[in-house]
Amino acid sequence: MSRFWSPVVHTLTPYTPGEQPKITNLIKLNTNENPYGPSPKAIAAMQAAVNDHLRLYPDPNGDVLKDAIANYHSADGIARANVFVGNSSDEVLAHTFQALLKHDKPLLFPDISYSFYPVYCGLYGIDYRQVPLNDAFEIDTADYSDAGAIIFPNPNAPTGILLPLDTIETLLKAHPDQVVVVDEAYVDFGGESAISLVQRYDNLLVVQTLSKSRSLAGLRVGFAVGHPDLIAALERVKNSFNSYPLDRIALAGAVAAFEDKGYFEQTCAAINASRDTLTQQLTELGFEVLPSKANFVFARHPQRDAAQLAQALRERAILVRHFKAPRIEQFLRISIGTDAECAALVSALGEILSA
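The rules behind the values
- Residues numbered from 1 in each chain as written.
- Predicted model: local features only at pLDDT ≥ 70, side-chain atom pairs only at ≥ 80, totals over all residues.
- Heavy atoms only, no water.
- 1 Å grid on protein atoms, 1.4 Å probe; cavity = no way out; pocket = protein on both sides within 12 Å on 5 of 7 lines; lining within 4 Å.
- Points joined across faces, edges and corners; volume = space filled by probe spheres on them.
- Nonpolar A, V, L, I, M, F, W, Y, C, P; charged D, E, K, R; others polar.
- Patch = residues over 30% accessible without salt bridge, like charges linked within 9 Å, V, L, I, M, F, W, Y side chains within 5 Å.
- Areas by Shrake-Rupley, 256 points an atom, 1.4 Å probe, with all protein chains shown as cover.
- Salt bridge = Lys/Arg side-chain N within 4 Å of Asp/Glu carboxyl O.
- Helix = DSSP H or I, 4+ residues; strand = E, 2+ residues; numbered from the N terminus.
- Contact = heavy atoms within 4.5 Å.
- Disulfide = S-S within 2.5 Å.
- Pairing = 2+ DSSP bridges.
- Axes fitted to C-alpha atoms, helices over the stretch in contact; angles between N-to-C directions.
- Core = buried A, V, L, I, M, F, W, Y, C linked by side-chain atoms within 4.5 Å.
- Buried < 20%, exposed > 50% of the residue type's maximum accessible area, 1.4 Å probe, protein only.
- Phe/Tyr/Trp six-rings, centres within 6.5 Å; stacked < 30°, edge-to-face > 60°.
- Lys NZ or Arg CZ within 6 Å of the ring centre and 35° of its normal.

A. Looking closely at the layout of surface pockets. When its volume is computed, the second largest pocket comes out at roughly 320 Å³. As for the second largest pocket, its lining consists of 17 residues, of which Tyr72, His73, Asp188, Gly191 and Ser193 are closest to the centre. Residues that form the lining of the second largest pocket fall into these classes: 7 nonpolar, 6 polar and 4 charged.

See below:
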């Protein structure tokens, strides 16, 4: 603490990111990173962008990336005016909270969800209410009444459970005068994107990232798709904060990643297959595993304490994520690694459980 702090700093509870330890021979299954590298075409494009042009500012609007995203979703009628780009989906979400989610009534989001949401509310002075998931850890959209705005991840994090697209559409119809933000960080691992609904609902904003399914967590690129009026609000906030959020290298790599659809589909399919195998193996070890459509699983063992399991795995140089939070303190969130990494995890858990 310091006497020089602004008053808001005293009240903040910052987001805690997943641990990034510097340990050799570590199996890192705690931050939902893609176990496979970026598209070789994306790497080549970034290498080509390292040239004399780095002395120049990048395009503040990121139009080349907006066009690539619009082209990728052209079947859904998406144009450049429907797209916003930023430095990670976290920054896109931060601008969204400030630009679109502060109203007379509280912002609603699940009680078990992305833990950055209450942090943004504290930072921007947004009144909010957390809506409990049901007993199956699912979002019940009927509970989202009397909202100023609504936001939720789909698939949800950390549960991995997917909300069907028709249920999202029902929610949009029930709240035509409220902004509904669907945070789709993990949608490419088995979900159907709500981007297909954007042209029908002017209150819908969909946020995605290149960190997960396109293996570019180190590049920090995110985007949003919505009605041009919603995008204009985000642009106003962005240009009051940082006019150049994406550098030349990031723009080049992100565009190439969207253009290499074959590599994207190949790695997503590999992760999904590994997820299904790991789910079966964990179930055989006695774990309850929630049905996941993300690149992670959320699991608990009825006879073993989750914190102790996480510590025992850590002693074997395997990291998983344990949340010390009500209702989920006995769950472990396990990122999907390579088949070899998942096999090592299962072997280690077998040893721990049999000890």
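B. Focus on a nonpolar patch on the surface. A cluster of nonpolar side chains, namely Met1, Trp5, Val8, Val9, Leu12 and Leu123, defines an oily patch on the protein surface of about 560 Å² accessible area. As for its position among the elements, Met1 is in the segment before α1 (7-11).

C. Spatial organisation of the environment of Leu163. By secondary structure assignment, the location of Leu163 is in the loop between β5 (149-153) and α6 (165-174). Expressed as a C-alpha distance, the spacing of Leu163 and Lys293, which sit 130 residues apart in the sequence, is 9.8 Å. Setting aside anything within four residues of it in sequence, one finds Leu163 in contact with Ile139, Thr141, Phe152, Asn154 and Ile168.

D. Region of the structure containing the state of the cysteines. Overall, the coordinates contain 0 disulfides when judged by the stated rule. Free cysteine Cys342: the closest other cysteine sulfur is in Cys268, separated by 15 Å.

E. Main features of the sheet that holds strand β6 (residues 179-183). A sheet is described by the order of its strands in space; here 7 strands give the open sequence β2-β8-β7-β6-β5-β3-β4, paired in mixed fashion. Strands with a single pairing partner mark the edges of an open sheet, and in this sheet they are β2 (83-86) and β4 (128-131). Each strand of the sheet is rotated relative to its neighbour by a mean of 20°, with strand direction disregarded. Bridge analysis of β6 against strand β7 (residues 204-209) gives 4 bridges, and the strand direction is parallel. In the strand pairing of β7, Val182 is matched with Val206. Sitting on the sheet, helix α4 (residues 88-100) is in contact with β2, β3 (107-110), β5, β6, β7 and β8 (222-226), with an inclination near 160° to β7. The strands touched by helix α7 (residues 228-238) within the sheet are β2, β6, β7 and β8, with β2 carrying the most contacts at an inclination of about 25°.

F. Broad picture of the nonpolar core. With 53 residues, the main nonpolar core has Leu65, Phe152 and Leu204 as its most contacted residues. For this core, the element with the most residues is helix α8 (residues 248-259), which contributes 7 residues. Grouped together as the second largest cluster of nonpolar side chains are 34 residues, Phe189, Ala294, Leu313 and Ala348 included.

G. Broad picture of unusual backbone geometry. Following Asn154, the chain continues to Pro155 via a peptide bond in cis, the omega torsion being -5°. Turning to its location among the elements, Pro155 is positioned in the loop between β5 and α6. In this model, Ala157 is joined to Pro158 through a cis peptide bond whose omega is 15°. The backbone phi angle of Arg220 is positive, close to 65°, even though this residue is not glycine. By the secondary structure assignment, Arg220 is in the loop between β7 and β8. Judged by its relative accessible area of 30%, Arg220 is partly exposed. Notably, Ala317 is not glycine yet its phi reads approximately 65°, a positive angle. Position of Ala317 among the secondary structure elements: in the loop between α10 (306-314) and β11 (318-322).

H. Summary view of the packing of aromatic side chains. In the structure shown here, the tally under the stated rule is 14 aromatic pairs. The interplanar angle of 80° and the centroid separation of 5.4 Å between the aromatic rings of Phe137 and Phe331 together place this pair among those described as edge-to-face. A residue pair is termed long-range when its members are at least 10 positions apart, and Phe137 in the loop between β4 and β5 and Phe331 in the loop between β11 and β12 (332-335) qualify at 194 residues. By the burial criterion, Phe137 is buried, and Phe331 matches it. Plain terms: the ring middles of Phe223 and Phe258 are 5.7 Å apart, the flat faces sit at 70° to each other, and that makes the pair edge-to-face. Placement of the pair is Phe223 in strand β8 and Phe258 in helix α8, with a sequence separation of 35 residues. Phe258 shares its class with Phe223; the two are buried. In textbook terms, an aromatic cluster arises when at least three aromatic residues are bridged by ring pairs, as seen for Phe97, Phe109, Tyr114, Phe116, Tyr117, Tyr120 and Tyr128. Residue placement shows Lys261 over the ring face of Tyr72; its charged tip is 5.8 Å from the ring centre.

I. Representation of the side chain of Glu235 within the structure. Position of Glu235 among the secondary structure elements: in helix α7. Setting aside chain neighbours within four positions, we find Glu235 in contact with Lys66, Val83 and Phe84.

All we've got here are geometric facts, nothing functional implied.
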